[in-house]
Amino acid sequence: MELIPLWYWLGVFFIFGACVGSFYNVIVYRMPRGISLINPPSHCPLCKKQIPIYLNLPVIGWIILRGKTACCHKPLNIIYPIGEALCGLLGALALFAAVAVNYGTVVPELFTAPVMQPAVWADALAMFWLLLGAYPVCAIDFKYKLIPDSISVGGIVAGLLISLIPGGVTPLQSLIGAVAAGGGLYLLGYVASKVFKKDAMGFGDVKLLAGYGALMGWQFAAMVLVIAAVVGIIVMIPYARIQAKVAEKSVVDDSVDAAGQIPFGPFLAIAAPIVYLWGGTLLNLYIKFVLGD
């Protein structure tokens, strides 16, 4: 591993990210419909015929089939290869960002040099999880108000495992981060529910923040919560007004969520990688702004 150059690992992270993106496509389609992620295996959505492994390769399979199913010759949704390619780019970006943060910059010479610092690998794996996890969280939570346990609970497991790599968050910090972040948000939601007499926080958000606490510690997880809340309020106010105007002009449907109601998970998912990379810098800027020089 010490002799393998950075450009090679960027390719590996891209391929791995594309494979994860292919699995996320399965999660986004099957989980909200209550279909098992394992059984039945990948199959044509039209005739239900099983798809061979060589045609199920991320991006490449869609290109080989020229955007059509092999059995029915019907058009395949282009969102699948786009999602896979996007996750591949995010996978490579995770390693690139980790190198840039740990080395201070990325010069051409680094692309041909091996990546030897354990801290770089810890940051790369954590960023890989954070960046790629944002895709299914945003896609599913926005539409179905659900957060997959494979991402939320999986984040806790991933954080604890990554903490075993020297140079990053320690195992103790990871464990405390998961308990403090998840427990703190659960308590906050419980109090808010009692005050407003309605559910104020979904348990999926609690598990998601607990995963972020395991990946980056409770201090940065708290920062994720604050930034997500601020951005959520900024987005929520105009969105609620637009929804209210639309509701005034349309027939009221009690089965539809209240005007302006949007899930909180996507804001957490977007804030998490930002805080992981620049949380220390943002905190220093805030302290200087509040306390001065």
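Refer to the structure printed above.
Residues numbered from 1 in each chain as written. Predicted model: local features only at pLDDT ≥ 70, side-chain atom pairs only at ≥ 80, totals over all residues. Heavy atoms only, no water.

### Here we look at the overall build of the chain
Logical step 1: Assigned secondary structure in the chain consists of 10 helices and zero strands.
Logical step 2: Listing each helix as α and each strand as β along the chain from the N terminus yields α-α-α-α-α-α-α-α-α-α.
Logical step 3: Relative to the compact-globule value of 19 Å for 293 residues, the chain shows a C-alpha radius of gyration of 21 Å, a close match.
Logical step 4: For the chain, the C-alpha atoms occupy an extent of roughly 60 × 55 × 30 Å along the three principal directions.
Logical step 5: The buried share of the chain, reckoned over its 293 residues, is 38%.
Logical step 6: Accessible area for the chain stands at about 16900 Å²; split by element, carbon and sulfur atoms hold 71% of it. (Helix = DSSP H or I, 4+ residues; strand = E, 2+ residues; numbered from the N terminus. Rg over C-alpha atoms; globule rule 2.2 N^0.38 Å. Buried < 20%, exposed > 50% of the residue type's maximum accessible area, 1.4 Å probe, protein only. Areas by Shrake-Rupley, 256 points an atom, 1.4 Å probe, with all protein chains shown as cover.)

### Examining helix α5 (residues 118-144)
Logical step 1: Look at α5: 39 Å from first C-alpha to last across 27 residues, which is about the 39 Å you get at 1.5 Å a residue.
Logical step 2: Of all the bends found along α5, the most pronounced is centred on G133 and spans about 25 degrees, while P136, a proline, follows it within four residues.
Logical step 3: Here α5 lies mainly inside the structure; 19 of its 27 residues are buried.
Logical step 4: Looking one or two residues past α5, K145 carries a phi angle of roughly 60 degrees, positive in sign. (Expected span 1.5 Å × (residues − 1). Bend = angle between axes of the 7 residues up to and from the residue.)

### Observations regarding the side chain of S22
Logical step 1: Along the chain, S22 falls in helix α1 (residues 6-30).
Logical step 2: Residues in contact with S22, not counting those within four places in the same chain, are N56, P58 and E84. (Contact = heavy atoms within 4.5 Å.)

### What about the packing of helix α3 (residues 79-103) against α5?
Packed helices, taken two at a time, are described by the angle their axes make and the gap between the axes.
Logical step 1: Where α3 meets α5, the axes come as close as 8 Å, and the angle between the chain directions of the two elements is 145 degrees. In this structure, α3 meets α5 at a crossing whose hand is right-handed. For the pair α3 and α5, the contacting residues are G83, C87, L90, G91, L93, A94, L95, A98, V99, N102 and Y103 in the first and A119, V120, W121, D123, A124, M127, F128, L131, L132 and Y135 in the second.
Logical step 2: Of the residues that constitute the contact of α3 with α5, the class distribution is 17 nonpolar, three polar and one charged. (Axes fitted to C-alpha atoms, helices over the stretch in contact; angles between N-to-C directions. Left-handed = near helix turned anticlockwise from the far one by under 90°. Nonpolar A, V, L, I, M, F, W, Y, C, P; charged D, E, K, R; others polar.)

### Regarding the nonpolar core
Note that soluble globular proteins tend to have their nonpolar side chains buried in a common cluster.
Logical step 1: L95, L209, Y212, V224 and L268 are the most contacted members of the largest nonpolar core, which has 56 residues in total.
Logical step 2: Where this core is concerned, the elements lending two or more residues are α1, α3, α5, α6 (149-162), α7 (171-196), α8 (203-216), α9 (218-248) and α10 (265-291).
Logical step 3: Apart from the residues within four sequence positions on either side, L95 is in contact with L6, W9, L10, F13, V120, W121 and A124. (Core = buried A, V, L, I, M, F, W, Y, C linked by side-chain atoms within 4.5 Å.)

### Topic: the packing of α6 against α7
Logical step 1: Between α6 and α7, whose axes approach to 8 Å, the crossing angle comes to 160 degrees. For the element pair α6 / α7, the angle class is roughly antiparallel. With respect to the hand of their crossing, α6 and α7 are arranged in right-handed fashion. Packed against α6, whose contacting residues are I156, G159 and L160, the element α7 presents P171, S174, L175 and A178 at the interface. (Parallel < 35°, antiparallel > 145°, perpendicular 65-115°, else oblique.)

### Describing the environment of G279
Logical step 1: Looking at the element boundaries, G279 is found in helix α10.
Logical step 2: With relative accessibility at 0%, the residue G279 sits in the buried group.
Logical step 3: Sequence separation between G279 and M216 is 63 residues, and the spatial gap between their C-alpha atoms is 9.9 Å.

### Overview of the state of the cysteines
Logical step 1: Across all of its chains, the model carries zero disulfides by this definition.
Logical step 2: In this structure C19 is a free cysteine whose sulfur lies 11 Å from that of C87, the closest cysteine sulfur available.
Logical step 3: Judged by its relative accessible area of 37%, C19 falls in the partly exposed class. (Disulfide = S-S within 2.5 Å.)

### Focus on α7
Logical step 1: Helix length check: α7, at 26 residues, gives a terminal C-alpha distance of 37 Å against a target of 38 Å (1.5 Å per residue), a fit within 8%.
Logical step 2: Listed in full, the buried residues belonging to α7 are S174, G177, A178, A181, G182, L185, G189, A192 and S193.
Logical step 3: K197, located one to two residues past α7, shows a positive phi value of around 60 degrees.

### A look at the packing of aromatic side chains
Logical step 1: Under the counting rule described, the total for this entry stands at eight aromatic pairs.
Logical step 2: Between the aromatic rings of Y8 and W9, the centroid separation amounts to 6.1 Å while the plane-to-plane angle is 80 degrees, which identifies the pairing as edge-to-face.
Logical step 3: A residue is classified by how much of its surface remains accessible, and W9, at 14% relative accessible area, is buried.
Logical step 4: Ring centres of Y186 and F203 lie 6.2 Å apart, and the angle between their planes is 85 degrees; on these two criteria the pair is classed as edge-to-face. Here F203 lies in helix α8 and Y186 lies in helix α7, a separation of 17 residues in the sequence. (Phe/Tyr/Trp six-rings, centres within 6.5 Å; stacked < 30°, edge-to-face > 60°.)

So, to be careful, I would describe these as geometric facts and stop short of saying anything about function.
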